[in-house]
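# Close look at the chain arrangement
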Amino acid sequence: MGQKLKIAGWISIGAVAGALTTVQLQAVARAGIAPLPLEELQQLAAVFGMVKSDYVEPVDEKKLITDAISGMVASLDPHSVYFDKKSFKEFREGTTGRFVGVGIEISQEDGLVKVVSPIEGSPADRAGLKPNDLITRIDDTAVKGLTLNEAVKKMRGEPKTKVLLTIFRKDENRTFPVTITREEIRTQSVRSKVVEPGYAWIRLSQFQERTVDDFVTKLEQIYKQEPNLKGLVLDLRNDPGGLLDAAVAVSAAFLPENVTVVSTNGQLAESKFTYKASPEFYQRRNGSDPLKRLPAALKTVPLVVLVNEGSASASEIVAGALQDYKRATIMGNQTFGKGSVQTVRPLGPDTGLKLTTARYYTPSGKSIQARGIVPDVMVDDTAEGSPFAALRTREADLEKHLNSGQGAEVKDANREKAREAAMKRLEEEAKKTPEQRRPPELGSDKDFQLAQAINQLKGRPVLVSKTAVVEPKNEKKEN
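Below is a summary of the structure that appears in this document. (Residues numbered from 1 in each chain as written. Predicted model: local features only at pLDDT ≥ 70, side-chain atom pairs only at ≥ 80, totals over all residues. Heavy atoms only, no water.)

Tracing the chain through its elements places Gly337 in the loop between β18 (329–332) and β19 (340–346). By relative accessible area, which is 0% here, Gly337 ends up buried. Placed 58 residues apart in sequence, Gly337 and Glu395 show a C-alpha to C-alpha distance of 5.3 Å. Every residue in contact with Gly337, bar those within four places of it in the chain, is listed here: Glu316, Ile368, Gln369, Ala370, Arg371, Gly372 and Glu395. (Helix = DSSP H or I, 4+ residues; strand = E, 2+ residues; numbered from the N terminus. Buried < 20%, exposed > 50% of the residue type's maximum accessible area, 1.4 Å probe, protein only. Contact = heavy atoms within 4.5 Å.)

When the charged atoms of two side chains with opposite charge come close together, those side chains can pair. Under the counting rule described, the total for this entry stands at 20 salt bridges. Here Glu61 makes a salt bridge to Lys52, at a shortest N to O gap of 3.5 Å. Since its relative accessible area comes to 38%, Lys52 is described here as partly exposed. Arg237 is the partner of Asp235 in a salt bridge, and the nearest nitrogen-oxygen pair spans 2.7 Å. Several salt bridges converge on common partners, so that one network encompasses Asp133, Arg169, Glu172 and Arg174. (Salt bridge = Lys/Arg side-chain N within 4 Å of Asp/Glu carboxyl O.)

A few words now on the sheet that holds strand β21 (residues 377–378). Read from one edge of the open sheet, 6 strands run β12-β13-β14-β17-β18-β21, paired in mixed fashion. Both edges of this open sheet fall to β12 (190–196) and β21, since each of them pairs with a single strand only. As paired strands, strand β13 (residues 199–204) and strand β14 (residues 231–235) are joined by 5 bridges and run parallel to one another. When the sheet's bridge partners are listed, Ala200 is paired in β14 with Leu232. (Pairing = 2+ DSSP bridges.)

Time to look at the packing of helix α1 (residues 38–54) against helix α2 (residues 61–74). Two elements in contact, α1 and α2, have axes separated by 11 Å at closest approach and are oriented at 140°. The interaxial crossing formed by α1 with α2 has right-handed handedness. Here α1 contributes Phe48, Val51 and Lys52 to the contact with α2, which in turn contributes Glu61, Leu64 and Ile65. Class assignment of the residues belonging to the contact of α1 with α2 gives a composition of 4 nonpolar, no polar and 2 charged. (Axes fitted to C-alpha atoms, helices over the stretch in contact; angles between N-to-C directions. Left-handed = near helix turned anticlockwise from the far one by under 90°. Nonpolar A, V, L, I, M, F, W, Y, C, P; charged D, E, K, R; others polar.)

Each full turn of the α-helix corresponds to 3.6 residues, which orients residues three or four apart in the same direction. Most of helix α7 (residues 244–254) is tucked away: 11 of the 11 residues are buried. Buried within α7 are the following residues: Leu244, Asp245, Ala246, Ala247, Val248, Ala249, Val250, Ser251, Ala252, Ala253 and Phe254.

Side chains of Leu36, Leu38, Leu41 and Leu44 sit close together on the surface and give an oily, nonpolar patch of about 410 Å² of accessible area. Looking at the element boundaries, Leu44 is found in helix α1. (Patch = residues over 30% accessible without salt bridge, like charges linked within 9 Å, V, L, I, M, F, W, Y side chains within 5 Å. Areas by Shrake-Rupley, 256 points an atom, 1.4 Å probe, with all protein chains shown as cover.)

Here we come to the pairing of strand β7 (residues 134–138). Counting buried positions along β7 yields 4 of 5 residues, so the element is predominantly enclosed. Relative to β7, strand β6 (residues 112–118) runs antiparallel, the two being bridged by 2 bridges. Across the sheet, residue Val113 finds its bridge partner in β7, namely Ile135. Both β7 and strand β9 (residues 162–169) contribute to a ladder of 4 bridges, which runs antiparallel. For Ile135, the partnering residue across the bridge sits in β9 and is Ile167. Strand direction decides the pairing type here: β7 and strand β8 (residues 141–142), joined by 2 bridges, are antiparallel. By the bridge assignment, Arg137 is partnered in β8 with Ala142. Turn length for the β7-β8 hairpin, with the two strands adjacent in sequence and antiparallel, is 2 residues, and the turn residue Asp139 shows positive phi of about 55°.

With that settled, the discussion passes to the side chain of Glu226. Here Glu226 shows up in the loop between α6 (211–225) and β14. The side chain of Glu226 sits in the buried core without any salt bridge; Lys230 is the nearest counter-charge, 7.5 Å away. Ignoring sequence-local partners within four residues, the contact set of Glu226 consists of Val194, Pro197 and Gly198. (Lys, Arg positive; Asp, Glu negative; His and termini not counted.)

Below is the structure:
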């Protein structure tokens, strides 16, 4: 490899379920790579030959090779993935906000598929699936032993076909079946409303191709209804992330022009980059700058950003930037901690590799990886507290997760104690009816955290958290 090979790719910063990509770029392979370990490669070839000739029944050679590649990549961290033809197509579909499936963001826990959050308005949402539900079977196939991609494949399908999911719900300590009819998922990533005269709420459920345009349109509608807006709540709760350029644009809507929004750092020269609040860093090719339609008042309107454990990656970029510049008050619960960058490189016309290539840093130089954003004001889910917050999975809980790169991780003994207490409370919670356990809809008049955000904007007392357990803060990035 004497010459540099230019390979088209994308950067991905989505949550664990990860069909989420960022801006297209040219990633240049290093010319001076280390010599290949010939002895180990000979061993690999020897094992391949033995399996091919000695296994109890014939084995497909191509499957052996692709499985070896998948295993190699999966051993690195939870977000590096090899895509075969079907999963690569599905991955690319996910960035447009349109695909055929049941409509859930997922991760993996104890070998099972865990629901991070149902996509609002999707078949899974209408069927009553909830965050933290565990999928144990997909039709007749046990999930245990499947990779996340294999599980996704089985849940995807043709429109109007049905899939039977077996769900284990921890907080009810029960297993039950749910039949869901697949349909094209057209995710509406932006919602908004005027909460009361002078105060508005805008929610981003995911950062997709149309998110910035929809975000601007919703803000235009808010200002048309409330031209003298006194305060705005930007709701990023349970937003698993998405497109980096969309995160940069949303941040730029509130920040001074050309300030740093986020920076990345990795081995490749192309992994060392700084994204700024300027159109060249978020404007789509041959497109106009949608932020020019926004009123100038948006730059100074009092702002609260709501986050929780389901806020990941692109959400954390926005929250981190607005927090570092003191442009907004961050409220809620500590975020997920997905602070790594994935580059997606085609390996051919229909296969690809999503590889972790960098960590990202807030403008002040802090790595969020495995740490998350700690809110300025910790607020519980309800007036009674967040009794089960300690059981929610974060990046630091994932097997083989990448560390922050800014000092050794410290396990918080208080969080472990909180988890034990939360497990005991589950027994009492299981005695309630499903309706009693259903959390209030985000943005509704029963949304406790939103009510506290409005109090903050009005200068009224805020009911701060009774149960929050904060992970240890990381040190500032070393130069």
